[in-house]
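Topology and contacts: notes
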Amino acid sequence: MKHLLALGLAWATLGCVKAPEIVVVDRATALEQQAAGSFTEVEQDLARRAVNPGAEALTPDQLQALGIMPAAIVDLTEQTEADRVDSLLRQHCLGEGKHGLLVDTHDDCIGASDRVVAIALVDRTNRARLQLWRWLAAQRPELSAEAVREKWREAHLQGVVCRAWLQADDDTWAAKKC
C-alpha cells in the first residue's frame, strides 16, 4: 500500500507541473532595442539631409536635350513677330529656305514650340517677303525678279540670328555660324 500511496502522490504532483509556454516574438523587446541602440532620430535626420531641395545645375544644352527651353529674357507677349521668328529659327523649328522663304522644319525642332503658331508666322512672313520682292523689282526694272530675290537673300542672311537653321544649295540644313 505504501507503494500505491507513493505512486498516487507522484501521479498527483505530475498533474500540477506544466512545461513553460514558449512565446515567439518577432520584434525585439524594449530592453533589447535599448541595448542594440534605437537611433530613430538620427535616421530621420540623415533621411532629411539626403534630400537636396536645391535646383539641379543643368546647362542650356542639357535643357534643350530634355526638350525644355530656358525662359526668355523678355516677356513673350511683348515680342514682335520678327523676334518670334528669330527664336524659332534658333530652335530649328523654322528654317531660312534656299529660295529666300521661311520653311517649317518642326521635325528638327529643339525644345517645345507650337507648330500652328509657327506655320501662321511662316505664312505671314513669306507673304510679306513676296510683296517686298515685287516692290523691289518694280524699283529696279533692269533686274529680273530672280536677281532681286537673290540680292535680297544675300543681304538678309547677314542679319539672320546666330544658330538659325539655314538651307544650303544642296538642300541640307545647318545652323548659321557666327
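The structure we're discussing is the one just above.
Values in this document were obtained by computation on a predicted structure and should not be read as measured data.

Turning our eyes to something else, we now look at the layout of surface pockets. Within this model, the second largest pocket holds a volume of roughly 150 Å³. What lines the second largest pocket is Glu81, Ala82, Val85, Asp86, Leu89, Glu96, Arg124, Thr125, Arg129, His156, Gly159 and Val160. When contributions to the lining of the second largest pocket are tallied by element, the ones reaching two or more residues are α5 (81-90) and α6 (115-139). No other element matches the five residues that α5 contributes to the lining of the second largest pocket.

In this section: the state of the cysteines. Going through the model one piece at a time under the given rule, you end up with two disulfides. Note that Cys162 is cross-linked by a disulfide to Cys178, the S-S spacing being 1.9 Å. When the S-S torsion is -115°, as for the bridge of Cys162 with Cys178, the disulfide is left-handed. On the criterion of sequence distance, the pair formed by Cys162 in the loop between α7 (145-158) and β3 (165-167) and Cys178 in the segment after β4 (173-175) is long-range, its members being 16 residues apart. Judged by its relative accessible area of 68%, Cys178 falls in the exposed class. The disulfide pattern of the protein chain is 1-2, 3-4 when the bonded cysteines are numbered in sequence order.

Moving on: the environment of Gly67. With respect to the helices and strands, the residue Gly67 is situated in the loop between α4 (60-65) and α5. We classify Gly67 as partly exposed; its relative accessible area is 32%. Note: C-alpha distance between Gly67 and Ile110 (43 residues apart in sequence) is 6.5 Å. In contact with Gly67, not counting residues within four places along its chain, are Gly111 and Ala112.

Turning to the nonpolar core, a few remarks are in order. A general trend in soluble globular proteins is that nonpolar side chains are found buried together. Among the nonpolar cores identified, the biggest contains 13 residues, and Val85, Leu88, Leu89, Leu94, Leu102, Val160 and Ala164 are the most heavily contacted of them. At the level of secondary structure, the elements contributing two or more residues to this core comprise α5 and α6.

This brings us to the environment of Val148. Tracing the backbone shows Val148 in helix α7. Sequence-wise, Val148 and Leu132 are 16 residues apart; in three dimensions their C-alpha atoms are separated by 10.0 Å. Not counting residues up to four positions away in its chain, the partners in contact with Val148 are Trp133, Leu136, Ala137 and Leu143.

On to unusual backbone geometry. The phi angle at Arg163 is positive, at roughly 70°, despite the residue not being glycine. Tracing the backbone through its elements, the reader meets Arg163 in the loop between α7 and β3. In this model, Asp171 sits at a positive phi of 70°, which is unusual for a non-glycine residue. Structurally, the position occupied by Asp171 is in the loop between β3 and β4.

Reading the values: rules and limits
Residues numbered from 1 in each chain as written. Predicted model: local features only at pLDDT ≥ 70, side-chain atom pairs only at ≥ 80, totals over all residues. Heavy atoms only, no water. 1 Å grid on protein atoms, 1.4 Å probe; cavity = no way out; pocket = protein on both sides within 12 Å on 5 of 7 lines; lining within 4 Å. Points joined across faces, edges and corners; volume = space filled by probe spheres on them. Helix = DSSP H or I, 4+ residues; strand = E, 2+ residues; numbered from the N terminus. Disulfide = S-S within 2.5 Å. Buried < 20%, exposed > 50% of the residue type's maximum accessible area, 1.4 Å probe, protein only. Contact = heavy atoms within 4.5 Å. Core = buried A, V, L, I, M, F, W, Y, C linked by side-chain atoms within 4.5 Å.

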